[in-house]
Amino acid sequence: MCYSTQRGVDHKDQTGPWQYAGEPSPNCKKEEAHDLLTQCGDLNHHYDENNENNVTRIVQKSTNSSNKHVNNQRNNMIIEHIINSSNNASPLNFFKKKAIPTNEGEMQTGEKPYKCTQCEKCFRTKSDFSAHMRIHTGEKPYKCTQCEKCFRTKSDFSAHMRIHTGEKPYKCTQCEKCFRTKSDFSTHMRIHTGEKPYKCTQCEKCFNAKSSLNRHMIIHTGEKPYKCTQCEKCFNAKPSLNTHLRIHTGEKPYKCSQCGKGFSIIRRLNTHMRIHTGEKPYKCTQCEKCFRKKCNFTAHMRIHTGEKPYKCTQCEKCFRTKCNFSAHMRIHTGVKPYKCTQCEKCFNAKSSLNKHMRIHTGEKPYKCTQCEKCFNAISCLNKHMRIHTGEKPYKCTQCEKCFNAKYSLNKHMRIHTGEKPYKCTQCEKCFNAICSLNKHIRIHTGEKPYKCTQCEKCFNIKSSLVIHLRTHTGEKPYKCTCCEKCFTQLPSLYRHLRIHSRKKT
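Residues numbered from 1 in each chain as written. Predicted model: local features only at pLDDT ≥ 70, side-chain atom pairs only at ≥ 80, totals over all residues. Heavy atoms only, no water.

A. Structural view of the overall build of the protein chain. Helices and strands together make up the secondary structure of the protein chain, namely 18 helices and 30 strands. The buried share among the 505 residues of the protein chain stands at 28%. Partitioning the intrachain contacts of the protein chain with sequence separation of at least 6 by distance along the chain shows that 12% fall at a separation of at least 24. Carbon and sulfur atoms provide 48% of the accessible area of the protein chain, an area that totals close to 35500 Å². (Helix = DSSP H or I, 4+ residues; strand = E, 2+ residues; numbered from the N terminus. Buried < 20%, exposed > 50% of the residue type's maximum accessible area, 1.4 Å probe, protein only. Contact = heavy atoms within 4.5 Å. Areas by Shrake-Rupley, 256 points an atom, 1.4 Å probe, with all protein chains shown as cover.)

What follows is the structure, encoded as structure tokens:
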């Protein structure tokens, strides 16, 4: 084209909705104007600037060639305008004023002629308007043949199909990461460029994705517009609602290609894949320890900073991680949501249930490298290792006594404070350690969970079983330093030592 157009123009002088104003390029030649006329009406002629008969022949040629162009009526209007123009009826002068649109009925002026009657939003094209109307009607004409999920727009449907095919056509040239949708790719590229074009009007925080800004804005408004139809729980983002709904449906659409394990959200699948790849992308700058999960890395960093952001409102105890805080809160509420399928015992933390399950399975996956003793919990192994190293890292601030386990220090500290936080619900007796309360509870219940494998005698505390087993094994680990006599129990040794002390006196 040898002329340039302006999209935002005034239509007052236009004779039809298909016309718009234009300005010729400075280098526009008569030959180029001739080409334009030829394209518009298939007008085979040679223009003579001073011959009006040529113009008349143009009209006749255009009128008679009905089979050569589907838009003859429009062409006739163009030529008639040439005839009715000034004496200098040059096609060049004509194109200084008028031009022909690309599609009949479509405005090239920035106008949005399609208006929604429900929300008054306007659209430039009929296709955009039709797609928008489906928001109000709820129509989803594009259906996935694999999972029967339906979509409002063809673009959303195409993006969804790539979940099944695994196709990721958009590749980052910097890190070679691939994406299913162009929008995800564009958002990712801003990580490399550092661009954050979406700015919060309230706090001026910037984001690299519009969805992130929209989610952030809800912090200021407190709005939670997305409601679960099953349990009426509300969410501030639609993806959060969709993820939540899979709790009710049990759907796990994201499957590991290595072991076949399914996940309800893609983020968990990505994290899981690092088990197979061995990738640990989160590295501590202080001790160079690496982590598979960002949450574990964040929690670890608080060891160095000493930060404990989760504070109990009831006892003001603080915690480094949210999971530890949540488990602690159940002490106050008494909620024990994790139930053993074998003995129906309940726990307030999943880790406690997992540890308990090993009692039934007999599994002891944590092995000491020094004496090859095995344990069912890593905390028990760590505590045991201090027997070999002699390490006692937990020191009492009152009497400077040291301990190899934190719970031992906590229990000891209650001697100084007199605190007895664990109360029996039956007789209201209080204890300074939960293990003491558990032992006491068995007096009321009559429970004797510790059974001798030799004679099947049962005991309500583990220490009683250990002492009893020595009657079968003949083991006498407590030896008198005076006469070398041995005993099965420590109290028996203490009673024996009094004999030597009386002899001395």
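B. Quick peek at the pattern of salt bridges. Here the structure, examined in full by the defined rule, presents 8 salt bridges. Across the pair Arg162 and Glu167 runs a salt bridge, and its minimum N-O distance is 4.0 Å. Among the residues examined, Glu167 registers a relative accessible area of 42% and is labelled partly exposed. For Glu195, the salt bridge identified is with Arg190, shortest N-O distance 4.0 Å. Judged by relative accessible area, Glu195 falls into the partly exposed class, the value being 42%. (Salt bridge = Lys/Arg side-chain N within 4 Å of Asp/Glu carboxyl O.)

C. Expanded view of the nonpolar core. In terms of nonpolar packing, the biggest core is built from 5 residues, these being Cys368, Phe375, Ala377, Cys380 and Leu381. Setting aside residues up to four positions removed in sequence, Leu381 forms contacts with Tyr366, Lys367, Cys368 and Phe375. (Core = buried A, V, L, I, M, F, W, Y, C linked by side-chain atoms within 4.5 Å.)

D. Highlighting unusual backbone geometry. Even without being glycine, Glu232 reaches a positive phi, approximately 65 degrees. Along the chain, Glu232 turns up in the loop between strand S11 (226–227) and strand S12 (234–235). Among the residues examined, Glu232 registers a relative accessible area of 54% and is labelled exposed. For Glu400, which is not glycine, the phi torsion reads 65 degrees and is therefore positive. Structurally, the position occupied by Glu400 is in the loop between strand S23 (394–395) and strand S24 (402–403). Assessed through its relative accessible area of 55%, Glu400 is described here as exposed.

E. Summary view of a positive patch on the surface. Taken together, the side chains of Lys252, Lys261, Lys293 and Lys350 present a region of like positive charge at the surface. Within the secondary structure, Lys252 sits in the loop between helix H9 (238–249) and strand S13 (254–255). Since its relative accessible area comes to 55%, Lys252 is described here as exposed. (Patch = residues over 30% accessible without salt bridge, like charges linked within 9 Å, V, L, I, M, F, W, Y side chains within 5 Å. Lys, Arg positive; Asp, Glu negative; His and termini not counted. Charge placed at Lys NZ, Arg CZ, Asp CG, Glu CD.)

F. Representation of the packing of aromatic side chains in the model. Counting across every chain of the model gives 10 aromatic pairs. Ring geometry for Tyr310 versus Phe325: centroids 6.2 Å apart, planes at 25 degrees, classification stacked. Taken as a pair, Tyr310 in strand S17 (residues 310–311) and Phe325 in helix H12 (residues 322–333) lie far apart in primary sequence, 15 residues in all. Put simply, the rings of Tyr114, Phe123 and Phe129 touch in pairs and so form one group of aromatic residues. (Phe/Tyr/Trp six-rings, centres within 6.5 Å; stacked < 30°, edge-to-face > 60°.)

G. Geometry of the side chain of Thr125. As for its position among the elements, Thr125 is in the loop between strand S4 (122–123) and helix H5 (126–137). What makes Thr125 buried here is its relative accessible area of 17%.

H. Quick look at the state of the cysteines. Within this structure, the stated rule accounts for 0 disulfides. Counting only cysteine sulfurs, Cys231 is the nearest neighbor of Cys228, a cysteine outside any disulfide, at a range of 3.7 Å. Its relative accessible area of 1% is what places Cys228 among the buried residues. Among the cysteines around Cys256, which has no disulfide bond, Cys259 carries the closest sulfur, lying 3.6 Å off. With a relative accessible area of 4%, Cys256 lands in the buried category. (Disulfide = S-S within 2.5 Å.)

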